[in-house]
Amino acid sequence: MMFGKILIAVCLILWIRFLWNRRKLYTMLLKPSGTMGLPIIGVVIQNILFLRGKMKKRTPFMNKYGSTFLTWMGFTPVVMTRDPNVAREVLLSSVCLNRNEHSANAMALSMGLGLLTLQGAPWMERRKQMNPAFKQNVLLSFFPIFNDESRALVNLLNSYVGKGEIDVLPEIIKWSFRISFQTTVGTDVKEEENFENDTILKSYQSLVHITSLYILLPILRNKIVSKLFGFEKRRERAVSTISKTMDNILDKKMRSHPESNPESEMKIIIERGIELFRIGEMPFEELKSECGSLIVAAFETTAHTVYHTLVLLAMFPECQNIVFKEIKDIFPMVGDFEVTYEDLQKVPYLDRVLNETLRLIPSVPISVREPSEDFRLSNGVVIPKGVLIVIDIFSAHRNPDHWGPEADNFNPDNFIPENIGEKHPFAYIPFSRGKRNCIGWRYGTLSSKLALVKILRNFEVSTSFRYEDLDFVDNLVMKLAQVPRLVFQRRT
Ligand code: HEM
């Protein structure tokens, strides 16, 4: 009897302590609007809402609760915002440089440690180390790869002419994967069987899929549960295929001297990593996982950007014709032609179309930060350590307060200099902003534009899919619920 009473008293004290430790959280719950205060109910409602991932459902939610609201992911409170002022404060703060621990750990399980998964001081150090690998002269040296792979893609699209509506996304993903692999580790990867027969691409896709599941359902990260559902085996198989291929490539690279390297004119990202490894600043395992990390960050994002641009131009033929005329002025002849960096500076309308595509369908739909200490917003709300902040890029880009009542419509003129010049600088953030922005944003833009120039000069693209029927699914990389198929007709 006595023991029972002591037990109840201890439980009560622990419960009060738990509540006391979370007092800042409860204070915060009273400030931003949202479905505050009822985590369990919130979990159910929100998860049904978000796990289905239909992004458009967030809009009425934000219209009701305001541009910044509180929600729950599992038992973790989340401040979600589409307000550019809040986005600016978060993305520029030195307190908000970390991705959320849970996603970083889930990614690290499959991809190891790299820019995507490192946190705190080690991330800062790595970012400094890797920034030189994305300088202008390095990007310029990638043009032969961009041109070669885009030529191969155009040749393949030629075989689709007269075949009706085609699901072209898998081929664009292959194009993007081949580019990101070669610019990361060198063109000699083409000698690897795993690369040429797409085994390694499938391994990466499998890892990305498993990582998304690990993020959505943390229970799967438990080895026993993961084994039970067969994910552990798939993960191990994929990691082993990637690791063996990387070992082969790195082994050859380490043994060759840079001067005797036939690619010495071309800088590749791994060279920076090898340099750091040789001076003892990057362990071998991290060199491998950094390459993997960069490939993962690059290929799906870029592929979806190109694909979404083609889809929107297929839906808006009058815009496609303007792009076509602009490209034809520079490249009067159809077929194959070499595209230079200078050529890509002469297509301002294509720039607008690409920006408008990334506004309406940003390949990375959210940016998540976990403050390393309590974080005070300028409106006085303190976001306690442990609460996640989600910058909802998708909704920010469609925020009617900043993009007007036509925010959901496709209109490349949003990016005419005088129009975009008036906008809040954080109303358009497809590559995020601040110190932890996308390291590959210029690379992604250049390779996408180059492929689009080649494709749109050679083909007229159309689709029977309607713009109004597009539905967007939240994921590591944003997907379309139904993938529009495209028709390719030859241009003259
Ligand atoms: C059009 C294509 C791309 C888009 C839309 C895009 C978008 C983004 C966004 C929004 C982030 C920030 C995510 C966050 O805040 O958590 C990010 C991070 C990152 N991106 Fe990209 N990206 C693209 C292409 C690329 C390419 C081509 C590369 C590499 C070659 C790359 C490498 C990375 C890396 C390494 C990070 C993490 C940076 C860090 O944490 O320091 N991305 N990207």
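In the block above lies the structure referred to throughout.
Residues numbered from 1 in each chain as written. Predicted model: local features only at pLDDT ≥ 70, side-chain atom pairs only at ≥ 80, totals over all residues. Heavy atoms only, no water.

**Re the coordination of the iron atom of the ligand**
Six octahedral donors around a metal ideally sit at 90 or 180 degrees from one another, while four tetrahedral donors ideally sit at 109.5 degrees. Among protein residues, the single donor to the iron atom of the ligand is C438 (SG), with a metal-donor distance of 2.3 Å. Along the polypeptide, C438 turns up in the loop between helix 22 (417-421) and helix 23 (441-458). (Donors = N, O, S within 2.8 Å, 3.2 Å for Na, K, Ca; no water. Helix = DSSP H or I, 4+ residues; strand = E, 2+ residues; numbered from the N terminus.)

**Let's talk about the packing of helix 6 (residues 101-111) against helix 12 (residues 199-216)**
When two helices pack together, you describe them by how their axes are tilted relative to each other and by the distance separating the axes. Interhelical geometry of helix 6 versus helix 12 gives an angle of 150° and a closest axis separation of 9 Å. Here helix 6 is positioned roughly antiparallel relative to helix 12, judged by the angle of their axes. Remark: the crossing between helix 6 and helix 12 carries right-handed chirality. Packed against helix 6, whose contacting residues are H102, S103, A106, M107, L109, S110 and M111, the element helix 12 presents L207, T211, Y214 and I215 at the interface. Considered class by class, the residues forming the contact of helix 6 with helix 12 number seven nonpolar, four polar and no charged. (Axes fitted to C-alpha atoms, helices over the stretch in contact; angles between N-to-C directions. Parallel < 35°, antiparallel > 145°, perpendicular 65-115°, else oblique. Left-handed = near helix turned anticlockwise from the far one by under 90°. Contact = heavy atoms within 4.5 Å. Nonpolar A, V, L, I, M, F, W, Y, C, P; charged D, E, K, R; others polar.)

**Description of the packing of aromatic side chains**
In this structure the tally under the stated criterion is 21 aromatic pairs. Between F143 and F146, the aromatic rings sit 5.6 Å apart at their centres with planes inclined by 55°, giving tilted as the arrangement. Remark: F146 and F143 occur in helix 9 (residues 143-158); sequence separation between them is three residues, near one turn of the helix. Note on accessibility: F143 and F146 belong to one class, buried. Relative to F195, the ring of F181 has its centre 5.5 Å away and its plane inclined at 55°; by these criteria the two rings are tilted. Remark: F195 occurs in helix 11 (residues 193-196) and F181 occurs in helix 10 (residues 169-185); sequence separation between them is 14 residues. Of the two residues examined, F181 and F195, each falls in the buried class. (Phe/Tyr/Trp six-rings, centres within 6.5 Å; stacked < 30°, edge-to-face > 60°. Buried < 20%, exposed > 50% of the residue type's maximum accessible area, 1.4 Å probe, protein only.)

**Examining the environment of G273**
Looking at the secondary structure, you find G273 in helix 15 (residues 269-278). Spatially, the C-alpha atom of G273 lies 8.8 Å from that of A133, the residues being 140 residues apart in sequence. Excluding residues within four positions of it along the chain, G273 makes contact with M282 and L287.

**Examining the packing of helix 9 against helix 10**
Direction vectors running N to C along helix 9 and helix 10 enclose 160°, while the axes themselves pass 10 Å from each other. In terms of orientation, helix 9 lies roughly antiparallel with respect to helix 10. At the point where helix 9 passes helix 10, the crossing takes the right-handed sense. Between helix 9 and helix 10, the contacting residues are I145, F146, E149, S150, L153 and L156 on the first element and E171, W175, R178, I179, Q182 and T183 on the second. Here the residues of the contact of helix 9 with helix 10 sort into six nonpolar, three polar and three charged.

**Some thoughts on the pairing of strand 7 (residues 388-392)**
In terms of burial, strand 7 is a largely internal element, five of the five residues being buried. The alternating pattern of strand 7 places L388, V390 and D392 on one face and I389 and I391 on the opposite face, and all of these are buried. Bridge count between strand 3 (residues 76-81) and strand 7: four bridges; the pairing is parallel. If you follow T81 over to strand 7, its bridge partner there is I391. (Pairing = 2+ DSSP bridges.)

**Overview of the site of the ligand**
Near the ligand lie 26 residues; those nearest to it are R99, W123, S367, R436 and C438. Contact between the ligand and R127: an oxygen atom at 2.8 Å from a side-chain N or O atom of the residue. Contact distances for the ligand include 2.5 Å between an oxygen atom and a side-chain N or O atom of S367. Contributing elements (two or more residues each) for the shell around the ligand: helix 7 (120-130), helix 16 (284-315), strand 4 (366-369) and helix 23. Among the elements that take part in the shell around the ligand, helix 16 stands out by supplying six residues, more than any other. Considering only residue class, the shell around the ligand consists of 13 nonpolar, nine polar and four charged. (Near = heavy atom within 4 Å. Polar contact = N/O pair within 3.5 Å; in protein donor to acceptor, adjacent residues only side chain to side chain.)

**Digging into a nonpolar patch on the surface**
A surface patch of nonpolar side chains, about 390 Å² in accessible area, is lined by M2, I6, V10 and L14. Relative to the assigned elements, I6 resides in helix 1 (residues 2-21). Residue classification places I6 among the partly exposed residues on the basis of a relative accessible area of 45%. (Patch = residues over 30% accessible without salt bridge, like charges linked within 9 Å, V, L, I, M, F, W, Y side chains within 5 Å. Areas by Shrake-Rupley, 256 points an atom, 1.4 Å probe, with all protein chains shown as cover. Salt bridge = Lys/Arg side-chain N within 4 Å of Asp/Glu carboxyl O.)

**Brief notes about helix 5 (residues 84-91)**
Turning to helix 5, its buried residues are P84, V86, A87, V90 and L91. One side of helix 5 holds all its buried residues, which, seen down the axis, span an arc of 155°. Buried positions along helix 5 lie against strand 2 (68-73), strand 3, strand 4, strand 5 (375-376), strand 7 and helix 21 (400-403). Two or three places before N85, at the start of helix 5, stands the capping residue D83, its side-chain oxygen 2.8 Å from that residue's backbone nitrogen. (Arc of directions from axis to C-beta.)

Purely geometric stuff here, so don't read any function into it on its own.
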